[in-house]
Amino acid sequence: MDQAPQSSRGGLPYSPKVLALHLELLQYPILARTIRLRMRDEIFDKGMIDRQRFYEEVQDKAVQSQQREMIEPGSEEPVQDWERRFAKMEAILTEYYFARNFSRDTFAAIVDRCLAKRGAVEPVLYPNFNPEIAPFSMLFAHANMYERLPTEQRGPVAHQLREILVVLTKGMISDQLSYLSIARGALETKDLEWVRDRRIGRGKIGGKAGGLILARKVLCHPEPDDPPELKERLRIPDSWFLGSDVFSEFLLDNGLTETTSSKYRDYQQNREEYPAVRDRFVAGRLPAHCRQRLGELLDEVGSASLIVRSSSLLEDNFGIAFAGKYDSFFCPNQASAAENLEALCRAIKRVYASALSPDALVYRQQRGLIDYDERMAVLLQTVQGSRVGDYFFPLIAGVGFSHNPIVWNPRINRSDGFLRIVAGLGTRAVDRVEGDYARMVALSHPTLQPGRTVREVVQYSQRHLDVLNLAANSVESIPTQALIDLQIPNASQIASLSRDGDLHPMLSTGLTAPTDQLVLTFDGLLKDRTFTTTIRGILKKLERRYKCPVDIEFTVERTGGSQPGFTIHLLQCRQQSRRDNDEIEAAMPADLPEEKVLFVSRRMVTSGTISNVRYVIYVDPEAFRQIDADSTHVRLAKAIGRLNARLDDGSFVLIGPGRWGSSNRQLGVPVTFADIFNAKALIEVALGAGEQAAEASYGTHFFQDLVESGTYPLPIYPNEEGAQFNFSFFRNSPSILTDLLASQGDLQPYLRVIDLEQLPGKPRLEIVMNAQQAQAVGYLK
């Protein structure tokens, strides 16, 4: 693993003003004179200027300073005044020639040698300035001075150093107290210098970037419990940052400042107007200084592909994940220099626009953050992966959780963590993609599949992967069968063969099987105990330092042949979203009357209890399958959104077919987070035997939305053994849809709202879920 980042300017000449400030901050006149003497020796020894010419120039500059003060050269200026004038010019020219020709590292070496010869020095006085309002250059100079002190002298100034690092962290990364409580004991001056040197603008770099920097530092620090492979296996992508001030400057320059008040508008109005707002952002122009730096960045990375990621000031803060609320975009970076720059700028502007997306604003409102002055910073990273033909993609990408949110077998230990992995770009690991499934991994038992049979393992496997097409300069999805034609190295690590009703490992690193037998199981990787131990160790180390469960995004590259090694690229780290009571295994009720039971689920169950549910919003699976017009699907989603707003006390559950939030309208109701966040449970019912089944998408951004809003996901497979679903109750109970939405009567064949208050005995719906027993029951109480 790379060590802590170094300043990219460490080996280059730098400003004489900065050097002068370094010397002023030493606060010891005699020591400063000694250091300047050694600097002049270096200048003369290396032939930058000979001694005689140097002192002739000092004499000339001193005379010129006399003339500026209207003092006649050669006059009777007091000797002590002339000596001070001469010494000042000597110091200025020393700093000038040294700064123009030598690196900071050379200066630091001279200081270290002088300090070593000097021995113990008097305690460093507290700087006579307020760090909270001091310029960053002064803070960095002080911090470097303190860190270069011998260990025995650093104690008296440790508190001063910590204050300076906290002020720098607040100014450049985040002022969230939960972040600072960890960062102040982890980040060093060189880490903050690395941020400074890779930052465009002067504002904060936001939550996502800050989380990555902190995780990198935590993982760099060796601990006794570290897996032996951690240091050599972990990498962080090259990263750059656009400060949040660039966002504010962009709004002002393009007449977009009034758009930020849209956060106080009605959701439906924002939904209708957002496309036009987004177009205005894309039509804007980034500040000239930003475009220049972006052009230099593209020159630096060459043809490497980039991903442009949101990193707002609120994003990825503790307990506020904003998972998937803001946009990210890939830039393959394969066109001309001018075209690549325009594509990068366009991606940044689209990320900026996503700060005002309707779902993001509703999320902020629901989390009590609508009044916050949200500003968007941007994280730029090189895309990790390898080139295979015209395509570029990582072999494996995914998300990891230090606390497993789901148990599909009693043997699973939730504290060992959970992965959701895919082949190709990680988009399919965090998004719900129709007809496609990521591999879910319980790190306590990595090879234990959620699927109960080979048929289910094949059915719920990945069928497409997202890649960068470098020839077309675009992002594409290709079928997994294309991997055979591509002959990717180490394919045996991710693929198995389905043959004769069983799954077989691939015996070679290449792919030669018939396309209809290829199944992405990732068994080769997951059987490697070194990998599973390392990724589990990363999650646990971060969890210990954060003092709470965490989730990460990562990619994995395999190296070598029959016994390959691997490299893990860490892309993101934040606090894991979870419920306070998800470890409590509720006791399942016994001896329930059959007529009281509304449904029973026997797989992919989380833990918890939902009580006192008065309303059930029900979309009938059979009726839903008969819908032909897309407009009806859209109207259903909008009607559910209006019901979500009407029943805002959270006393309802949603029950519907397939996948809630599906972009494929044949597979589920196309709602968004803003349409459902008040629901206590989101229940997904399989459409039918052998057809699209419910899948709770544990680990996706959608799943994290549900967790943060307090909504429980629950899949139900009515045709499976032990499962139940009382279709008769949901289809025949009275509906109050038109009482709530008078104009939506024509949707009643598909959409029903059952008010349990109107049933005999005025019952309420109780849902008890026990992950360890893999059972959930919903009954009238």
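Coordinates for the structure precede this section.
Keep in mind it's a predicted model, so treat the numbers as computed, not measured.

Caption draft 1: Layout of the overall build of the protein. Scanning the protein from terminus to terminus reveals 28 helices and 28 strands. With 781 residues in all, the protein has 59% of them scored as buried. Long-range contacts, defined here as pairs at least 24 residues apart, represent 75% of the contacts in the protein between residues at least 6 apart. Accessible surface, the protein: about 32400 Å² in total, of which carbon and sulfur atoms supply 48%.

Caption draft 2: Summary view of the state of the cysteines. Under the definition given, this model contains zero disulfides. Of all cysteine sulfurs, the one in Cys345 lies closest to Cys331, which takes part in no disulfide; the gap is 9.3 Å. For Cys548, which is in no disulfide, the shortest distance to another cysteine sulfur is to Cys573 and amounts to 8.8 Å.

Caption draft 3: Molecular detail of the environment of His221. Looking at the secondary structure, you find His221 in the loop between helix H11 (206–220) and helix H12 (230–233). Sequence separation of His221 and Lys231 is ten residues, and the distance between their C-alpha atoms is 9.4 Å.

Caption draft 4: How the structure looks around unusual backbone geometry. The phi dihedral of Met70 falls on the positive side, at around 65°, and the residue is not glycine. Residue placement: Met70 occurs in the loop between helix H3 (51–68) and helix H4 (79–101). Residue Met70 is classed as exposed on the basis of its relative accessible area of 73%. In this model, Asp591 sits at a positive phi of 55°, which is unusual for a non-glycine residue. Summarising the element assignment, Asp591 is placed in the loop between strand S18 (565–575) and strand S19 (597–601). Residue Asp591 is classed as exposed on the basis of its relative accessible area of 78%.

Caption draft 5: Region of interest: the sheet that holds strand S25 (residues 724–725). Taking strand neighbours across the sheet as the criterion, the five strands line up as S20-S27-S28-S19-S25 in an open arrangement whose pairing is antiparallel. Two strands bound the open sheet, and with one partner strand each, they are strand S20 (608–613) and S25. Inspection of the sheet shows S19 paired to strand S28 (residues 775–780) by four bridges, in the antiparallel sense. Residue Phe599 lies in a different strand from S28, and its bridge partner there is Gly778.

Caption draft 6: Region of interest: the pattern of salt bridges. The full count for this structure, using the stated rule, is 37 salt bridges. With its nearest N and O atoms 2.8 Å apart, the salt bridge here joins Glu95 to Arg36. Of this pair, Glu95 sits in helix H4 while Arg36 sits in helix H2 (residues 29–45); the two residues are 59 residues apart in sequence, bridging distant segments of the chain. Arg36 matches Glu95 in its accessibility class, with the two residues each being buried. Notably, a salt bridge pairs Arg293 with Glu296, separated by 3.3 Å at the nearest N-O pair. Here the residue Arg293 and the residue Glu296 both occupy positions in helix H15 (residues 288–301), the gap between them amounting to three residues, near one helical turn. Note on Arg293: relative accessible area 29%, which makes it partly exposed. Taking relative accessible area as the criterion, Glu296 reaches 37% and is therefore assigned partly exposed.

Basis of the calculations
- Residues numbered from 1 in each chain as written.
- Predicted model: local features only at pLDDT ≥ 70, side-chain atom pairs only at ≥ 80, totals over all residues.
- Heavy atoms only, no water.
- Helix = DSSP H or I, 4+ residues; strand = E, 2+ residues; numbered from the N terminus.
- Buried < 20%, exposed > 50% of the residue type's maximum accessible area, 1.4 Å probe, protein only.
- Contact = heavy atoms within 4.5 Å.
- Areas by Shrake-Rupley, 256 points an atom, 1.4 Å probe, with all protein chains shown as cover.
- Disulfide = S-S within 2.5 Å.
- Pairing = 2+ DSSP bridges.
- Salt bridge = Lys/Arg side-chain N within 4 Å of Asp/Glu carboxyl O.

So, to be careful, I would describe these as geometric facts and stop short of saying anything about function.
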